[in-house]
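Below, each chain spelled out in residue letters.
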Amino acid sequence: MAITYTSGEQVEVYRFGIPATILIPLAAVFLQAWLPLRLHFFSIFDLPLLVTISFAMARRSQMAGLFTGALIGLFQDALTSQPIGLYGISKTVVGFGASSLGIKLDVENAGARLLLTLVFYVVHQVVYFTVARGMVGLQRGWTWQHELGSALANAFLGVILYALLDRLKQRT
Amino acid sequence: MESVLGRYRNLIVLVGVLFIQVLGLAVQVRRSTDTDSSRLIRVWAVTAISPFEKTLVWVQTASGNLWHNYFYLRGVRAENRELKQEIEQMRIEQARMSQDADQARRLQALLAFKEQFISQTKAAQVIGSSGSEQSRSIYIDKGENDGIRPDMAVITADGVVGKILHVYRSTSLVLLISDQSSGVGAILEKSRLQGILRGMASGEIGMEKVMSDEHVPAGEVVLTSGGDRIFPKGLPLGRVTRVAPGSDLFLNIQVKPAANLSKLEEVLVVTKIDERQATPEQTGPVRAADILAERLPTVPPKPPDASAAVSPTAGQVPAAGAAPKPAQVKPKTVAPANGLAGSSPVASKPTTSSPAGDSVSEKPAADNAVVKATPKVEKPAEAPTQPPAQDPPQ
């Protein structure tokens, strides 16, 4: 349950196959666009963010993490009505942060993953709202209650999703 | 120097990637329309996603149709019977409403009132969404190839959904009225107060710019005002659910959208709006007195021989002939007063062209005419048949 500090040598580094690297983010963005039409409550989840965190923590490479985050975020941005870059910037930061923590912490257990996803969701939202309101001038309302509820929901879904994605991981 | 760069290589790359994205955002913000600067990325993303969405929606619709049209037909006969009854009732209602519409058109023409008519729509299926709470928008399966253009209104039978924001070859992005960046010119149905309908962070919609000293009751219907030049006037937007005093001079009005924005499957894109002056079927101005005079029964013209035979009698009875004259004049002098008092219902009846409409609502109007005119008009018909009036000269 506790997040344990480990040395670089102790940490396992994984990679994903090329099909998984391309298809999983695509599937995440597709499901994120399609599922809310059928299940309206699903819009509180952020599947692309969970995939970004999962990839970043598994690969434990800051470069891979930030580029994965940037690409998934920009792809997600392109499907929205807002300027491209808002999700891109947020997910770049999260990808970099998750991979940085992945190097230093053992994030293989469910408790650590739950806590990290919760924190990274809030970080993602803070960055997003800061850029949206400060730079782009978009009117976006922030409610702590809603954001924390969403963070918790995403954290629980994240734990399930990471367990599924673990099956596709390959040890380097 | 090299060691420093190598040490902070990842951080430098992070800053560089963020800087490029910030720069891209700045370019998009600077240009009022971001369609040019970011269009290529959007086209790629939509092209990658929309085929899957279309396929999935097609499979879902096909399987749904198979089930509903071939397997699940329980209760269809009873439903059909009920629907037929409903159609009959609606026909009657339609006939009545067509008369009201005719009347409204004539009155609008009198006021030189220009109105917008939805003359062409295109049905489209919803295939996806932006998938974000921060951007409330949906994708439809019609695009440039189908004649869709940006800023076209998107509606359902229940009310307004949104407007077309981006158009691609075979898909389009629709900005919902619940999005925080959307704004629709709105008017309250009864109080005629105007404002702007905007999406809120919570996903609800609210009406802005209504002064706090105005009274807005909950439950009042909100319609499009037509002031935004996108949505035709008079389309239902929603219903007021809550009114609270705002922080500024304006009220906080919460509105429940008329269209169910969370369960959209098919929508209509308004592809053509005609703006024309209402043209009544009658040409030229018509006075209420003239209309009423037309409706009153008149003495039928008599055949020449009969008039010749009667003429001496008529000439012989100046006293009796004097009686009908005021009786004929009397309705005409009374008519304008009647016509003005209840001008609209009476004036509208003669010009209706719908046969069904005549059969439904002409009746009470005709009854009215009979009630008012009969006692006065029957007098001249009776006068010649009165034996005492003809006998004395013989």
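Predicted, not measured: the structure shown is a model, and the values here were computed from it.

(A) Local environment of the pairing of strand E6 (residues 183-188) of chain B. Residue and element names in this part refer to chain B. Within E6, 5 of the 6 residues are buried, which leaves the element mostly enclosed by the surrounding structure. Bridge count between E6 and strand E7 (residues 194-199): 5 bridges; the pairing is antiparallel. Looking at the pairing, Ala186 lines up with Gly195 of E7. Sheet topology places E6 next to strand E9 (residues 221-224); 3 bridges connect them, and they run antiparallel. When the sheet's bridge partners are listed, Ile187 is paired in E9 with Leu223.

(B) The interface of chain B and chain A, seen in detail. At the junction of the two partners, chain B supplies 46 residues and chain A supplies 46 residues. Carbon and sulfur atoms make up 64% of the area that chain B and chain A hide from each other, which totals about 4,000 Å². Viewed at the interface, chain A and chain B are joined by 0 salt bridges. Of all elements in the fold, only helix H2 (9-30), helix H3 (35-71), strand E1 (114-129), strand E2 (137-140) and strand E5 (172-176) of chain B reach the threshold of two or more residues within the side of chain B that touches chain A. Looking at the side of chain B that touches chain A element by element, the count peaks at 13 residues for H2(B).

(C) Representation of the sheet that holds strand E11 (residues 251-257) of chain B. Taking strand neighbours around the barrel as the criterion, the 6 strands line up as E6-E7-E8-E11-E10-E9 (chain B) in a closed arrangement whose pairing is antiparallel. Neighbour-to-neighbour, the strand axes of the sheet open up by a mean angle of 45°, direction not taken into account.

(D) Representation of the environment of Lys163(B) in the model. Residues and elements named next belong to chain B. When you line up the elements, Lys163 lands in strand E4 (residues 160-167). A relative accessible area of 22% means that Lys163 is categorised as partly exposed. Sequence separation between Lys163 and Asp151 is 12 residues; the distance between their C-alpha atoms is 5.5 Å. Those residues in contact with Lys163, other than ones at most four positions away along the chain, are Asp151, Met152, Val154, Leu173, Val174, Leu175, Ile230 and Phe231.

(E) Quick peek at unusual backbone geometry. Residue and element names in this part refer to chain B. In the Ramachandran plot, Asp151 falls in the positive-phi region, its phi being about 70° despite a non-glycine side chain. Residue position: Asp151 is located in the loop between E2 and strand E3 (153-155). Of note, Arg192 is a non-glycine position whose phi angle comes to about 60°, a positive value. The partly exposed category is assigned to Arg192, whose relative accessible area is 43%.

(F) Here's a closer look at the packing of aromatic side chains. In this structure the tally under the stated criterion is 7 aromatic pairs over all chains. On the numbers, 6.1 Å between centres and 65° between planes, the contact of Phe30(A) with Phe52(B) is edge-to-face. Here the residue Phe30(A) occupies a position in helix H1 (residues 18-38), and Phe52(B) occupies one in helix H3, the pair thus bridging two chains. Taken together, the ring pairs connect Tyr87(A), Tyr128(A), Phe129(A), Trp142(A) and Trp144(A) into an aromatic cluster.

(G) Main features of a nonpolar patch on the surface. Residue and element names in this part refer to chain B. A cluster of nonpolar side chains, Val4, Leu5, Tyr8, Leu11 and Ile12, forms an exposed patch at the surface whose accessible area comes to about 440 Å². Of all the elements in the fold, those that place two or more residues in the nonpolar patch are helix H1 (2-7) and H2. As for its position among the elements, Tyr8 is in the loop between H1 and H2.

(H) Highlighting helix H2 (residues 47-59) of chain A. All names here are of chain A. Compared with an ideal rise of 1.5 Å per residue, which puts 13 residues at 18 Å, H2 spans 18 Å between its outermost C-alpha atoms and is within 8% of the ideal. H2 sits mainly inside the fold: 13 of its 13 residues count as buried. Immediately downstream of H2, the backbone of Arg60 shows phi near 60°, a positive value.

(I) View of the pattern of salt bridges. Counting across every chain of the model gives 10 salt bridges over all chains. Note that Glu108(A) and Arg113(A) form a salt bridge whose closest N and O atoms lie 3.6 Å from each other. By relative accessible area, which is 33% here, Glu108(A) ends up partly exposed. A salt bridge links Glu93(B) to Arg96(B); the shortest N-O distance between them is 3.0 Å.

(J) View of the pairing of E5(B). All names here are of chain B. Within E5, 5 of the 5 residues are buried, which leaves it mostly tucked inside the rest of the structure. What you see with E5 is no split at all: Ser172, Val174 and Leu176 on one side and Leu173 and Leu175 on the other are buried throughout. Relative to E5, E2 runs antiparallel, the two sharing 4 bridges. Paired with Ile138 across the bridge in E5 is Val174. The sheet contact formed by E4 and E5 spans 5 bridges and is antiparallel. The residue bridging Val167 from the neighbouring strand is Ser172, located in E5.

The rules we used
Residues numbered from 1 in each chain as written. Chains lettered and ligands numbered in written order. Predicted model: local features only at pLDDT ≥ 70, side-chain atom pairs only at ≥ 80, totals over all residues. Heavy atoms only, no water. Buried < 20%, exposed > 50% of the residue type's maximum accessible area, 1.4 Å probe, protein only. Helix = DSSP H or I, 4+ residues; strand = E, 2+ residues; numbered from the N terminus. Pairing = 2+ DSSP bridges. Contact = heavy atoms within 4.5 Å. Buried area = accessible area lost by both parts, 1.4 Å probe. Salt bridge = Lys/Arg side-chain N within 4 Å of Asp/Glu carboxyl O. Axes fitted to C-alpha atoms, helices over the stretch in contact; angles between N-to-C directions. Phe/Tyr/Trp six-rings, centres within 6.5 Å; stacked < 30°, edge-to-face > 60°. Patch = residues over 30% accessible without salt bridge, like charges linked within 9 Å, V, L, I, M, F, W, Y side chains within 5 Å. Areas by Shrake-Rupley, 256 points an atom, 1.4 Å probe, with all protein chains shown as cover. Expected span 1.5 Å × (residues − 1).

Keep in mind that these numbers describe shape and distance, not what the molecule does.
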